[in-house]
Structures are given as C-alpha cells and as structure tokens.
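# A closer look at the structure
Chain residues, written in single-letter form:
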Amino acid sequence: MRFSRMLLPTLRESPGDAEVISQKLMLRSGMIRKVAAGIYTLMPLGVRVVSKVEAIVREEMTMAGAEEVAMPFVIPAELWKESGRWDEYGKELLRVHDRHGREFCLGPTHEEVITDLARGTLRSYRDLPKNLFQIQSKFRDEIRPRFGLMRGREFTMKDAYSFHADDDSADKEYQNMYETYCRIFERCGLSFRAVEADTGAIGGRFSHEFMVLADTGEDAVASCNKCSYAANTEKAQTKKVPVSDETPFEKSIERISTPGKKSVEDVSAFLNVAPERLIKTLIYETANGPVAALVRGGFELNEIKLKQALDTAFVRLADEKTVKEVTGAPSGFAGPIGLKARLLADFSVMGMTGAVAGANETDAHVTNVSAQRDFKAEYADLRTVVEGDACPKCDGTLKIMRGIEVGHIFKLGTKYSEKLGATFLDGKGGEKPMIMGCYGIGIGRTAAASIEQNHDEAGIIWPKPLAPFDCEVVPVNVKDETVLKAGEAIYTELTKAGLDVLLDDRDERAGVKFKDADLIGIPVRVAIGERNLKDGNVEIKDRKTGVVSLVKLSETTDAVKRHFDITMGRSD
RNA sequence: CGGGGCGUGGCUCAGUCUGGUAGAGCACCGCGUUCGGGACGCGGGGGCCGGAGGUUCGAAUCCUCUCGCCCCGACCA
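About the criteria used
- Residues numbered from 1 in each chain as written.
- Chains lettered and ligands numbered in written order.
- Predicted model: local features only at pLDDT ≥ 70, side-chain atom pairs only at ≥ 80, totals over all residues.
- Heavy atoms only, no water.
- 1 Å grid on protein atoms, 1.4 Å probe; cavity = no way out; pocket = protein on both sides within 12 Å on 5 of 7 lines; lining within 4 Å.
- Points joined across faces, edges and corners; volume = space filled by probe spheres on them.
- Helix = DSSP H or I, 4+ residues; strand = E, 2+ residues; numbered from the N terminus.
- Nonpolar A, V, L, I, M, F, W, Y, C, P; charged D, E, K, R; others polar.
- Pairing = 2+ DSSP bridges.
- Polar contact = N/O pair within 3.5 Å; in protein donor to acceptor, adjacent residues only side chain to side chain.
- Contact = heavy atoms within 4.5 Å.
- Core = buried A, V, L, I, M, F, W, Y, C linked by side-chain atoms within 4.5 Å.
- Buried < 20%, exposed > 50% of the residue type's maximum accessible area, 1.4 Å probe, protein only.
- Domains from an automatic or database assignment.
- Axes fitted to C-alpha atoms, helices over the stretch in contact; angles between N-to-C directions.
- Expected span 1.5 Å × (residues − 1).

Before going further, it helps to spend a moment on empty space enclosed by the protein. Where empty space is left becomes clear once a probe the size of a water molecule has been rolled over the atoms. As enumerated under the stated definition, the model contains 1 cavity of 30 Å³ or more in all. Estimated volume of the largest cavity: approximately 60 Å³. Contributing elements (two or more residues each) for the lining of the largest cavity: helix 15 (510–520) and strand 32 (537–542). Looking at the lining of the largest cavity, its residues break down into 2 nonpolar, no polar and 6 charged.

What follows is the structure in structure tokens.
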C-alpha cells in the first residue's frame, strides 16, 4: 500500500479529551475517529489491526471446533422478556421501537438469540455438543464510556455459545475454550493472566476472565506469589483468621463522645486508636429490607460478595433517611450493638476484642467491644482483599495488579435453556434442558490492550501478529529519482515475497516520515537515503529494539524476511 | 442520576473577569529556499465563537434556557 493513497491522518497532538495511552495513540496514528461518546469510526489502519485480531480469533475458534454464525444486531423484545432480562438488564440495554411501535433492543450480548436458535434446531443428544460463535458489533449504553475502544458503547466482540447434553461435556468445552483463549492471547503477543471472576449480569456458575496486565486497567486482580491462584478482586478471597478463644475479654463496654467524628480516619485519629481496632458498620438497602454489614476498619466492603452472601440481586448503600430509621442516628455512628437489623459481618470482625464501634447515637461511639461477646452476626467473606493478604489456596501472599479484561468465559449451566425451553431428548427419551457455556472476547479492546502494553515515547510498537503492516519502506527523499526508484523496487520485491508493505511515497521531509513511522509502529522499517544508496546500502530498523543495520540493496528482502523468521513464531 | 469543568478555523489553545464586532501555534493552498528525525521566508484560504432567547446603541464576553463533551462519584461484561 502507498501512504499517499491511504486515509491515514496522523496527528501531532492528541485531542484534549483522550485519556489513556492507547486512545491517544489510536487517535494520533489515524486508526480511529470519535463520532459520539463511546462510538468510533475505524479508519483503514484501525481496520487492519482489528482484522488481524479477528483473523487470529477466527482461526483458533475454528480449530477448536466452533462454527461461525452471524446473528442480528437488532433483537425483538419478546426474546429478552422470555429470559427475564428485559426487566433485569437495566439502562445499559438500549431499547428502540420500529415504525409499528414494536419493541426491540440493540444486542449487548446474544444468549437469548442463540438459545432461540438452539431450541429451534437442536432436538437430540445426537445433535450435541455444538459451539457457535460470531464476531459482531454489540451495543451497551454504558453509564460512562471512556478510554476509546477500551470501553466504548458500540464495540466488536467475539461471542461463542456452546450447548451440551451433560455437565461433563460442558466442562470439557470450558477447558477447551480456556486453552483456546490462552493460545489466542499468546498469538496476539500479550502478557495476560486468566483469573477467577464474578459472573455478573450474564449469570452462570463459574467463570474466568482473561486479563491483560497494564497499569491503566480498570480491574484489579489479586494473584498469589507462590501458587497459581489468581482472581478478580471482585471475587478474590483470603484465608480466614482463626479466632483465639483463650481468655474471654473482660473490660465492659463504654460509651464515649465523638462529636462530628464519622469516618474511620476521623474516629481513629480522635481516639488515637489504630483503624484496625474499629468496626465499620455500613447500612445497606436490599430487596429484603435493610441490612447492616460489618467490616474491620481499613478494609473495604465488597458489594458483590455481600450480594452473594445475601443471595440477592440488589444491594445499595442506604441513604441518610434509611440510616436514621435503622440506627436512630445520622450515618457515621452506626454500630452492631442493639441494632435492629439483620447483621452480617466479615470474617475480619470475628475475632475483634477491645474494638470501637458506632453507638447508634448522634456523636457517640462505644469502646471495649468484643465481637463474640457483644453481638451476634452471620459471618461471611465480605471484604475486598488487599495487597499482602494470605492466599486462600496455599501459604503464599496476594499481590494486587491492574488488568484489562479482554476475554471472559462462563459456564452458564441451564439458566437460559430452562427459561427459553431449549431442551433435547436424551438416550432414554427424556427431555432435558441443554447445558450451556458462553465465551467472549473484546476485539477492539484486545487491540487497545496491546498498545497499552507495547508503546514508547514515540508511539505504538505493534507486536508482529497485530501490526497493520509487516514492513514500512521509506524513500527518504522522493524527489531523488534513484532513491524513489530503489524504494519502489524494494516495495515490489517485499510485496512479492509475501509481506504486507507500506511505502511512504509522500513528498515529505525525512523527519516527518520517520516520526510518522515510529508513531504508527510498524515492526520493521527500511529507509533508503541518498548517502547509503551511493554505497549500495539501505538501512533496516527494528521498531521494538531500535536496532539499526545497514544491508546491501540486493539483500534487502532476505534481510527483512530473516527479521520475521527469527521472531515470527506462533507465540509472538 | 449527584458534584465539578469545558464548548472559539481540521488539531492544541488565548481572548470572557473589566461588552466595542476574532487571534496564536500546528495543519491546509501558492511561490521560493531547504531536504536522514515533525525546516524557513513571503503570500493566501478557512470561524452564524455549540444552539435558542434575552439585556444593550453594540454580545465570543452579561443573563436565562437548551444541546454536546470531559472529569469525580454512584453504577457496570
């Protein structure tokens, strides 16, 4: 491809609203343009990269035994009402009406449509298992779209769904997809981790997220420094600290005045006690009325865990009014003792003695509280793990890293097949719901994650498998006939050799071309300049290492090819 | 949805407080010089100052409403 013919508007500065590196570099390198909040046009260079990711995904999915389908983007409301998600999914689901007033939604995910297909086409255990995937646009009306392709409202996703006659088969496919995902992200040249995850709105029984490790990631991942345990902090657990049941705590509860001291920091500073000696009491509204959740000072309550402990779909921090009703005091003075609400407490509270808690009275706390002696709570794992917590699986400790979720696999079970009546006849003529799995990959997000991981001051450094071109040929001065001719010749030869080549044939100064080349991040650059050409040489530069070498003009193609042979394994 | 901020040539921004009829740098067009790391000179083109209403002799500037975008929070594969 010739640079002069491409729509490749590189920017010297990035638009002011760009936040993260990948977004800035995608904008600057002419890959994307914003159309509306969270909605982008992919320009030619962007299409090239995304196509590379898609090709890898398509290839690996097919090799893993899945088949490609294409489902509609506009979905009738009936299907979503059947699954119950029309009411559950919330505002993220963009609902529209057609000219007859019929209700539709823009598909944010396709369990309903695929399950509808399955119930219409799969009848017998002999038809199973099946794994069907598509690569398609999704729409989720995110509250706050941001970071360019990383968290858009419209985005491209590969989603696959599998159907099985029994758990064993479903588990095997889950494992198969797990391995396939590892191969996909390895081939994309990404440094990633598979972690245990919460299933969220998709539902299901267990799931893994594939996290690309990057400081700008929106998710936090806890991983053990000794064993293979790794989990999203939404879900990550730690060991229970055993309660020492030796000497019973003797001191009796004392009420102390703490005017205006509400937060853990305030109270601990005011009373001069460590935050770890405080019991934090949070009042939540839930589907089944208000609940008090206790956690040790310094820890953070995890709402996802709270939801699970309560087995409810809805929890929300109570507003001031509710807090007053429940505790009899303004927020900041809630405590477990004498509270007339269901009490849940994190394991970190279980062994606390001589602790400080709210007195359920304005401007007052109580001290010398003993968890075992002074109140009765249901204990559960309710807090978010922190750096240095004990690994739940071995004697190692957890460290916290940031990650970008690029893939997510779920074992769904029969949630959708039961609701939509996707059943099959087993060998004995009995009717059973199919067991399902669901496997997603964010295509654009994967490309963005790759940039987060591979860039420097000058621009993007594409790993070879995702690069929009393999090689860029730069005739330094196109007004010099010999230089231009040599450039054209090399371009033709490399193309014939099977490489995807970009020829920068623009009449621009060398500096401009080099800056653009670095920004765009094509792995290998061949520069042809007057001086080197006089000696029969051209210059080859590796974008990643920055290593520059001079080779004979006649050996250019071999030299470039060698560049690929050495490093272009399946894993790079 | 709550709090804050911003909308001025394609991009980055100044001008707004203290109303007087629109600027800079980059980008673009022409000519010349230059030509291996975002050149220079000269000459040009391009802006209903997000939109609507109001105040005023006069509004980018003041007031009201509205739309869009961004940040923090709540929320979320």
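Resuming the write-up.
A separate point is the pairing of strand 19 (residues 355–358). Here strand 19 runs beside strand 20 (residues 364–369); their pairing, made up of 3 bridges, is antiparallel. By the bridge assignment for strand 20, Gly 358 is matched with His 365. Hairpin connection, strand 19 to strand 20: the antiparallel pair is bridged by 5 residues, and Asn 360 has positive phi, about 60 degrees.

So, about the side chain of Arg 153. On the secondary structure map, Arg 153 appears in the loop between strand 7 (130–139) and strand 8 (154–164). Separated by 2.9 Å, the side chain of Arg 153 and the backbone oxygen of Ala 37 make a polar contact. Here Arg 153 is in contact with Ala 37, Gly 38, Ile 39, Lys 138, Phe 139, Arg 140, Asp 141, Glu 142 and Pro 145, once residues within four sequence places are set aside.

If you look at the biggest cluster of nonpolar residues, it comprises 58 residues, and the most contacted ones within it are Met 31, Tyr 181, Phe 185 and Phe 210. Among the elements that take part in this core, helix 2 (residues 44–63) stands out by supplying 7 residues, more than any other. Both domain 1 (45–236 + 400–451) and domain 3 (461–567) contribute no fewer than three residues apiece to this core. Not counting the four nearest positions on each side in its chain, Phe 210 is found in contact with Tyr 178, Tyr 181, Cys 182, Phe 185, Phe 192, Arg 193, Ala 194, Ile 404, Glu 405, Val 406, Gly 407 and Ile 409. Core analysis: the second largest hydrophobic core is formed by 25 residues, Met 71, Ile 114, Leu 412 and Met 434 among them.

Strand order in the open sheet formed by 5 strands is 30-29-31-32-33, and the pairing between neighbours is mixed. At either end of the open sheet lies a strand with only one pairing partner, and these are strand 30 (501–503) and strand 33 (548–552). The average undirected angle you get between the axes of adjacent strands in this sheet is 25 degrees. In this structure, strand 32 lies alongside strand 33, joined through 5 bridges in antiparallel fashion.

Taking 1.5 Å per residue as the helical rise, helix 2 with its 20 residues ought to reach 28 Å, and the 28 Å between its terminal C-alpha atoms agrees with that figure. Those residues of helix 2 that fall on the buried side of the exposure criterion are Leu 45, Gly 46, Val 49, Val 50, Val 53, Glu 54, Ile 56, Val 57, Glu 60 and Met 61. Phi for Gly 65, located one or two positions after helix 2, is positive at around 100 degrees.

Take the sheet that holds strand 4 (residues 74–76) next. The strand order 4-6-5 describes an open sheet built from 3 strands, whose pairing is antiparallel. Both outer strands of the open sheet, strand 4 and strand 5 (95–97), are each paired with one neighbouring strand and no more. The average undirected angle you get between the axes of adjacent strands in this sheet is 40 degrees.

Along the polypeptide, Thr 286 turns up in strand 14 (residues 279–286). A polar contact is formed between the side chain of Thr 286 and the backbone oxygen of Gly 289, at a distance of 2.6 Å. Discounting residues that sit within four places of it in the chain, Thr 286 has contacts with Val 291, Leu 310, Phe 314 and Val 315.

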